[in-house]
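# Structural overview for review
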Amino acid sequence: MKKVVIIGGGIAGMTAGVLLQKAGFATEIYEKNALPGGQCTGWKREGYFIDNCIHWLTGTRPGSALYDLWKEIHALGDDVELYEKEMFFSSKLNGQTLTFWRDKERTRQEMLALSPEDEKEINKLMDYVTLAETMTVPVEKPFDAMNLIDFLKMGMSMKEMGKVMKEYGKLDIRELAMRFKHPLIQRAIVDYMPSGYQAYAFLVSYATVTGGNGDIPKGGSLAMSLRIWEKYKEYGGIIHTNTNVEKVVVNQKRAEGILLDNGQTVAADYVICACDTDYTFRKLLPEIYMPKGLKELYANREKYPVSSGFQIAYAVDGVFPLLTGTRVFSCNEIKVGNQSVRCMSIQSYDYEPDFAPEGKMILQTNFSQTEEDYKYWEALYKDKEAYSAVKNEIAKQAVERVTFEYPFLEGKIRVIDVWSPMTYTSYCNSYKGAYMSFVTTKQAKSITVPGVVKGIDNVLLASQWLMGPGGLPTAAAMGKFAAWRIAKKEKCSIN
Ligand SMILES: Cc1cc2nc3c(=O)[nH]c(=O)nc-3n(C[C@H](O)[C@H](O)[C@H](O)COP(=O)(O)OP(=O)(O)OC[C@H]3O[C@@H](n4cnc5c(N)ncnc54)[C@H](O)[C@@H]3O)c2cc1C
């Protein structure tokens, strides 16, 4: 039985682990943190549960290979209830509100009532959102292993997406917003995603919600990670938590195994690096082995930027149905990182009553942060006291602004946690604190990097960084592809 060692117990690493165990390999996952899941996680504070990842999980609609993969690893299952988001998000400007509802027709009517002069663009946007509902993440096999028939099949299944790309593929989100005349529609479109994203990302994200393909599994992010871990253990897999890997041991172009930071070595026939790819080639393997495709992405910081978030969790004394969903509103200026922001969001987790004690609720704010902001946090982090003071001051100002917007929260809202891009770097070794992969700007080529390491045959990569724009489906797909490559080499199949 061939032994596979997997570095990183995030979604990519655990997906590879489940599929390889199922196919008869002996695998072990080494995870530096106390819990598996990586960025797909959550934690308790003062009797509240802070869910840190899933805003929507692409692939919850039956009938796609991605859905089947989620079921196979038990991210989803007949025993897993789904929360159907009623709204994508809601944006407010000058006393008017626009909501992107799950029900597209309701959104269309709301937009038309707001701005009859934008009728043509509104109808077009909504029609293309319908086309974008057909979008799926191909997870059958690695793209470089696909033949002509595979590509034809993929092309057929995505033909409606082709029309979306033709219409919106050359615009970024800001340019999409400027197609509308009404200031609130313009603002709502730029509110939700980091600037620079291609316009189609907005359509596709909204379409996952309208198409019933982006629901939230009950229990949230950590519960999903723990289900996958259980499935992995059920197949006999072993996860070593609290175990930091120091490097991959390479001898004469073959990996012999890994070295742990306690000095212990672990022998393996294959090694899968299922952690951040920048970290992999700075710490675990010599940089010369970084695939050329990846090197180009890291070298071109303007074309392939990354983003992170500065986040705050608040406990609320009371349950206020008015706060349901994600709400974006204008606020007095706050300095967050290097930016001065004038609008902020709050997201309610009222769909999970267990996340807060009875009669109370939990809210979160996420301020999007750029690479420039990351430099600010990185420098500040060296002085822990100053870092903590700045975080607390931003949180205090955020509470003031939330209370100004929702005066009924006066005296009923308090901060229970604050975290910055540095949290992701220290928790997951994330490149510049990013929790998605490279942003797909309009100048960028589509990002797909094969998860192989030229020159070391038995090392594979599995990470969201191999395919833009990252996220959970990409992580799972890349985990599956690493397992697929090993199974193929060993002349067996993973399903
Ligand atoms: C706030 C937030 C919101 C998000 N929202 C969504 C969403 O709504 N939908 C969506 O699809 N995605 C979302 N994501 C993104 C999603 O969480 C990630 O894309 C995904 O979890 C990445 O998985 P991964 O396995 O590639 O990487 P990671 O989760 O980073 O896993 C890598 C693992 O490797 C471990 N590791 C690193 N170095 C070592 C070492 N030396 N030794 C041992 N272990 C090591 C890390 O601890 C980690 O557990 C969100 C993320 C965040 C933070």
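Please read these numbers as outputs of a predicted model, since none were measured by experiment. (Residues numbered from 1 in each chain as written. Predicted model: local features only at pLDDT ≥ 70, side-chain atom pairs only at ≥ 80, totals over all residues. Heavy atoms only, no water.)

## Concerning the site of the ligand
Selection rule: A cutoff of 4 Å decides nearness: a residue is near a molecule or strand if any of its heavy atoms lies inside that distance of it. In protein, a polar contact requires one atom able to donate a hydrogen and another able to accept it; more generally it is a pair of N or O atoms within 3.5 Å, and residues adjacent in sequence count only if both atoms are side-chain atoms. Helix and strand assignments follow DSSP, with helices taken as H or I runs no shorter than four residues and strands as E runs no shorter than two, numbered in order from the N terminus. Polar here means any residue outside two lists: the nonpolar Ala, Val, Leu, Ile, Met, Phe, Trp, Tyr, Cys and Pro, and the charged Asp, Glu, Lys and Arg; Gly therefore counts as polar. Domain start and end points were adopted from an automatic or database domain assignment.
Residues in contact with the ligand amount to 38 residues; listed here are only the nearest, E31, Q39, C53, H55 and Q464. At 2.6 Å from an oxygen atom of the ligand is found a side-chain nitrogen or oxygen belonging to E31. In the model, a nitrogen atom of the ligand is placed 2.9 Å from a nitrogen or oxygen of the N429 side chain. Secondary structure elements with two or more residues in the shell around the ligand: α1 (11-22), α15 (421-428) and α16 (472-489). Class assignment for the residues of the shell around the ligand results in 20 nonpolar, 16 polar and 2 charged. Each of domain 1 (3-79 + 219-303 + 445-489) and domain 3 (308-433) gives at least three residues to the shell around the ligand.

## Digging into the packing of aromatic side chains
Heads up, the condition is: Within 6.5 Å between ring centres, the rings of Phe, Tyr and Trp (the latter by its six-membered ring) count as paired, and their orientation is classed by plane angle as stacked under 30 degrees, edge-to-face over 60, tilted in between. The classification of residues rests on relative accessible area computed with a 1.4 Å probe and restricted to protein chains. Under 20% of the type maximum is buried, over 50% is exposed, and intermediate values are partly exposed.
For the coordinates displayed, the defined rule picks out 32 aromatic pairs. Ring geometry for Y128 versus Y168: centroids 5.4 Å apart, planes at 80 degrees, classification edge-to-face. Linking Y128 in helix α4 (residues 119-132) with Y168 in helix α6 (residues 159-168), this pair joins segments that are 40 residues apart in sequence. Exposure remark for Y128: the relative accessible area of 19% places this residue in the buried category.

## Section: the nonpolar core
It is characteristic of soluble globular proteins that their nonpolar side chains tend to be buried jointly. Our working definition: Residues belong to a common nonpolar core when they are buried Ala, Val, Leu, Ile, Met, Phe, Trp, Tyr or Cys residues joined through side-chain atoms within 4.5 Å. The contact criterion used is simple: two residues touch if any of their non-hydrogen atoms lie within 4.5 Å.
Within the largest apolar cluster, 100 residues are counted, with the highest numbers of intra-cluster contacts made by I11, W70, M224 and I272. If you tally residues by element for this core, the top one is α16, at 11 residues. Once you skip the residues sitting within four places of it in the chain, W70 turns out to touch I11, L57, T58, G59, A75, L76, M224, L472, P473 and A476. Core analysis: the next-biggest nonpolar cluster, separate from the first, contains 42 residues, M111, L112, L125 and I189 among them.

## With respect to the environment of L460
In this structure, L460 sits in strand β19 (residues 459-461). L460 gets classed as buried once you look at its relative accessible area, which sits at 3%. It is 9.4 Å that separates the C-alpha atoms of L460 and I6, two residues lying 454 residues apart in sequence. Discounting chain neighbours no more than four positions away, the residues touching L460 are Y270, V271, I272, C273, G451, V452, A482, R485 and I486.

## With respect to the layout of surface pockets
The line we're drawing: Throughout, the protein atoms alone are placed on a 1 Å grid, and a set of points is a cavity if a 1.4 Å probe fits but cannot get out or a pocket if it is open with protein on both sides within 12 Å along at least five of seven lines; lining residues have an atom within 4 Å of a point. Grid points are joined across faces, edges and corners, and a volume is the space filled by probe spheres set on the points.
A volume near 400 Å³ is recorded for the second largest pocket. In this structure, the second largest pocket is lined by 21 residues; those nearest its centre are A65, T136, P138, E140 and S157. At the level of elements, α2 (65-72) and α5 (148-157) are the ones that each hand at least two residues to the lining of the second largest pocket. Here the lining of the second largest pocket takes 4 residues from α5, the largest share from any one element.

## Some remarks on the domain arrangement of the protein
Rules: When two components associate, each loses some accessible surface as probed by a 1.4 Å sphere; the sum of these losses over both components is called the buried area.
On domain assignment, one finds that the protein holds domain 1 (3-79 + 219-303 + 445-489), domain 2 (85-211) and domain 3 (308-433). A separation of 26 Å is found between the C-alpha centroids of domain 2 and domain 3. At the interface, 11 residues of domain 2 touch 10 residues of domain 3. A combined buried area of about 770 Å² lies between domain 2 and domain 3, and 46% of that area is made up of carbon and sulfur atoms. Contact with domain 3 buries surface across domain 2, with M87, S90 and K92 losing the most and accounting together for 48% of the total.

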